[in-house]
Amino acid sequence: MTPPTATAVDHGHVTVSAPAHARELHSPKGGLGHFLSTYVFSKDHKVIGLQFLFSTLVWFLIGGLLALAVRWQIAWPWSDVPVLGKLFAQEGGQMAPEFYTMLFTMHASVMIFLVIIPILAGAFGNYLIPLMIGADDMAFPTLNMLSYWFMWPAFFFFGASFFVEGGAASGGWTSYPPLSTNTASSPASGWGQTLWLLGLTMVGVSSMLGSVNYLTTIILMRAPGMTMFRLPMTIWGMFITAVLQAFALPVLTAAGFMQLSDRALGTGFFSPEGLIVNNAVPGAGGGQPLLWQHLFWFYSHPAVYIMILPAMGMVSDILTTFARKPLFGYRPMVYSVAGIAGLGFIVWGHHMFMSGMNPALGITFMVSTMMIALPSAVKTFNWLGTIWGGRIQFTTSMLFALAFVSMFIIGGLSGIFMAATPVDIFIHDTYFIVAHFHYVLFAGTAMGVWAAIYFWFPKMFGRTMNEFWGKAHFFLTFIFMNGTFFTMHILGAVGFPRRLADAYHYETFHHLQPLNAFMTWCAIGMVASQIIFAANFFWSMFYGPVAGRNPWNANTLEWTAPSPPGHGNFDFQPVVHRGPYEYSVPGCEKDHLMQTDPPNPAAVAAALAAH
Amino acid sequence: MRNRLSGIFWSLLFLAVPVLGVATFAVAPAFDHWLPKDVSTHGVQIDSLFYFILALTGIVFVATEVLLFWFIWKYDAARSDRPATYIQGSHTLEVIWTIIPAAVLLFLAIYQMNAWADVKMRRPDMPPTVEVVARQFEWRLRYPGRDGELGTPDDLHLTNDLHLPIDEDVLIQLKSMDVLHSFFLPNVRIKQDAVPGMKIPVWFKARESGEFDIVCAELCGWGHYKMKGRVTFEPRPQFDAWLERKYAEQEATQPPPEAGESLVAN
């Protein structure tokens with residue numbers, strides 16, 4: 001193995017002044033124009049990152065409340081909904097079944113398209129990429145600004161759809177035709193569905209603008225000495241995510257336009273001949289409902305990895321920092337991420353095992369799906385290897401990162417059940433799959449996001465979040481989360497189907513209400529626990545203890561910049577001498593060697609001697 | 001200040017994950033929160049594969065979660081003066097933990113193919129026993145009449161009340177009139193989406209009499225939750241008698257629909 005410090009000994013610690021445009025923009029101007037260009041239509045990646053962060057956290061709250069309304073109906077069907085019941089009640093305070101289908105459709109759509117994808121790539125990708133690679137900003141600052149402002153039409157379309165006639169989209173977040181294309185098939189497949197498609201397209205434009213920017217920035221703008229294999233795993237996660245976005249998104253966008261055209265122009269891409277829905281006159285035919293499923297999942301399966309790879313990267317960085325140890329198996333970790341991305345493009349058919357697709361084709365997708373479990377397993381073992389033999393510091397951030405590993409194991413293993421096609425016959429579209437993706441996306445990604453928020457908060461706002469309340473937030477979230485989601489596996493084993501407004505009239509499921517009530521209480525507790533987080537977040541922003549440049553004694557470049565970094569990021573030109581994970585290097589007096597630290601003569605000598 | 005209790009507390013929290021996780025799965029069957037009764041001949045293959053994967057993933061789950069707990073417990077900085085081990089990785093370990101899971105997953109992939117082929121690919125060579133046409137929000141059933149052929153004037157039309165004989169293969173021709181639906185028989189371990197424009201064959205053999213649920217498992221609109229049917233399995237003589245009785249009822253109440261005026265174009 002190459003000694004970490006021996007390769008870049010010729011670089012000195014070069015100090016240069018901040019780039020010219022940075023100084024120019026730092027000059028005080030004042031006035032509304034200045035305010036708008038600094039905080040609203042800013043081209044600074046950090047401001048854009050924070051704009052994404054605040055917007056997505058607001059939608060996170062909305063998505064969470066939608067989930068609570070869903071849980072209310074599952075636990076106590078047709079009973080009056082407290083507080084909110086008055087707002088939407090047609091009869092008394094209970095929700096109508098079409099309202100319920102809208103709730104779960106919009107819960108998933110909001111969480112996926114307005115929270116998870118933009119909070120990972122938009123908020124953390126924007127904030128961290130230039131800082132962690134040692135660049136003063138993104139390659140295309142204007143595109144970057146647009147990538148945020150294209151989210152606003154999406155916010156508008158999704159938000160407005162709740163108020164149009166028939167309500168917001170209610171064909172499921174997968175929007176399968178003909179339910180989504182045929183306006184006679186459901187009350188909400190009018191304007192609600194059109195707005196949903198427009199919103200989705202806008203999120204796609206935003207992601208695409210971000211994606212080309214991230215790729216260009218990471219490839220071209222790394223600091224001197226920052227080779228690809230010295231990039232922190234966070235950046236690898238963002239890089240591979242951007243590749244996935246760039247190659248998969250066009251397919252979804254095209255499919256979205258085809259669905260719009262089916263709805264607005266009367267084409268029949270996704271409708272067979274002579275379809276009679278609700279006794280309405282048949283429209284154009286000649287299409288195939290399964291075509292949408294293929295196109296949709298060709299994007300949306302890679303999107304599953306878009307929703308986890310950046311979190312995996314951030315968790316890797318946080319685990320090493322608080323275990324004070326190098327990442328175990330850096331290159332295998334990078335290759336695993338790349339392997340997940342590659343295989344991610346050939347597994348989409350596992351969403352369609354029961355769809356009527358040729359069962360022989362199902363077998364090939366089953367084999368590729370089994371194999372994609374492998375890189376995830378390798379990553380898990382390497383995380384365990386990373387904390388083995390470390391000196392673990394129990395910060396809030398570390399607890400969330402450890403929870404990510406612990407929960408990702410569950411989410412990964414439960415996936416094997418669905419990948420096994422014969423077992424999938426029984427558990428497909430039951431709560432087993434609901435358990436699986438909530439373990440990956442909430443118990444996985446959301447834990448990673450919280451770990452990242454607690455970790456990078458001092459860099460973003462110059463102050464540290466309160467550790468006691470952070471841990472209280474972690475503890476309650478962890479307990480309630482498992483109470484809500486682990487029990488879903490059991491529901492799945494009974495065959496309890498997802499998306500049913502009331503399943504208790506079935507003989508098979510009539511006895512499951514008490515368990516569902518328990519889960520709903522846990523869900524209420526989980527959402528309520530976020531009050532602690534919100535209070536801590538805003539209080540610490542103004543009154544938290546002031547953090548220095550490097551409060552966690554971490555190694556990567558962002559910790560060499562001021563907290564918060566000014567426009568242009570670095571007050572010196574960072575030069576990279578080593579990989580990102582040089583913790584507890586023998587013979588080194590402090591337990592971490594930052595990527596910019598000049599080579600330590602003693603370590604170089606020791607490394608050369610060891611050769 | 002070193003807080004020794006902190007590490008102990010958090011380690012135990014992570015230990016609770018495998019302990020309570022296994023306990024949940026151990027206790028659930030005792031409360032009848034488990035796989036519903038299976039009355040099919042192929043279901044045992046599916047259920048045993050489920051148990052096999054449960055055992056396999058259970059072992060990996062407990063092993064990795066306990067290791068995670070143990071490392072958190074043992075390498076707590078507050079309770080140890082041991083310096084962190086400076087190690088970048090291990091080629092041998094990487095090879096081991098790549099090859100072993102790869103072999104297990106590949107084995108699992110090959111092992112299950114036969115069960116899948118039985119349920120979805122090895123279609124018995126026989127005419128359809130019944131045609132099931134899904135529609136918002138009901139299951140329309142059409143039995144071939146006395147001539148044994150579907151699409152003729154003597155077809156028997158029913159709704160939501162499916163009867164099938166036991167101890168013999170049955171072949172269902174599954175269609176949809178409007179949107180996607182999914183024909184889900186929890187007690188027969190059968191699920192198949194109904195797709196407008198497609199005729200999808202579904203087959204199985206029931207081995208026990210009884211009455212069970214038909215559930216729609218693919219979102220089909222606001223009434224998705226109530227798209228409920230019942231399936232009754234009975235020995236051939238009872239089945240034939242039921243068919244005859246229903247046929248007589250249809251003859252008595254309505255003239256048979258004209259040929260070609262079936263619900264869905266063939």
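Report on the accompanying structure. Source: prediction; values computed, not measured. Per chain, residues are indexed from 1 in the order of the written sequence. Starting at A for chains and at 1 for ligands, labels are handed out in the order in which the entities are written. Residue-level local features of this predicted model are given only where pLDDT is at least 70; pairs of side-chain atoms are given and counted only at 80 or more, and the full residue set underlies all totals for whole chains, interfaces and linings.

Turning next to the interface of chain B and chain A. Note on contacts: each residue gets a C-beta atom placed from the backbone, and two residues are in contact if those atoms are within 7 Å. Counting residues at the interface gives 85 residues for chain B and 96 residues for chain A. Broken down by secondary-structure element, the contributors of at least two residues to the side of chain B that touches chain A are helix H1 (4-27), helix H2 (43-74), helix H3 (91-120), strand E6 (181-185), strand E7 (190-194) and strand E9 (210-216) of chain B. In this classification, Asp, Glu, Lys and Arg are treated as charged, Ala, Val, Leu, Ile, Met, Phe, Trp, Tyr, Cys and Pro as nonpolar, and every other residue, Gly included, as polar. Among the residues forming the side of chain B that touches chain A, the class breakdown is 53 nonpolar, 20 polar and twelve charged. Secondary structure is summarised from DSSP: a helix means a run of H or I of at least four residues, a strand means a run of E of at least two, and numbering begins at the N terminus for each.

This brings us to the sheet that holds strand E4 (residues 161-165) of chain B. By way of backbone hydrogen bonds, the strands of a sheet pair with one another, either parallel or antiparallel. All names here are of chain B. One open sheet accounts for five strands, arranged E4-E10-E9-E6-E7; its pairing is mixed. Each having just a single partner strand, E4 and E7 make up the two edges of the open sheet. For this sheet the average axis-to-axis angle between neighbouring strands, irrespective of direction, equals 25°. Strand pairing follows a simple DSSP-based rule, namely that at least 2 bridges must link the two strands. Pairing geometry for E6 and E9, over two bridges, is antiparallel. What sits directly across from Phe 183, in E9, is Cys 216. Packed onto the sheet, helix H4 (residues 236-253) meets E4 and strand E10 (229-234) and runs at close to 140° relative to E4. In this analysis, axes come from line fits to C-alpha atoms, helices being fitted only over the stretch in contact, and the angle between any two N-to-C directions falls in the range 0 to 180 degrees.

Moving on, we get to the sheet that holds strand E1 (residues 130-135) of chain B. Residue and element names in this part refer to chain B. With respect to topology, five strands assemble into an open sheet ordered E3-E2-E1-E5-E8, the strand pairing being mixed. Strands with a single pairing partner mark the edges of an open sheet, and in this sheet they are strand E3 (156-159) and strand E8 (200-205). The mean inter-strand angle of the sheet, taken between neighbouring strand axes irrespective of direction, is 25°. Across the sheet, H4 is in contact with strand E2 (138-143) and E3; its angle to E3 comes to roughly 95°.

Moving on, we get to unusual backbone geometry. All names here are of chain A. Following Pro 177, the chain continues into Pro 178 via a peptide bond in cis, with omega recorded as 5°. Residue position: Pro 178 is located in the loop between helix H7 (151-161) and helix H8 (191-220). Phi at Arg 324 takes a positive value of approximately 50°, unusual for a residue other than glycine. The burial criterion counts other C-beta atoms lying within 10 Å of a residue's C-beta, which is placed from the backbone; the residue is buried at 20 or more, exposed at 12 or fewer, and partly exposed between these limits. Here Arg 324 falls in the buried class, since 22 other C-beta atoms lie within 10 Å of it. A positive phi angle, near 55°, is found at Ser 584, a position not held by glycine.

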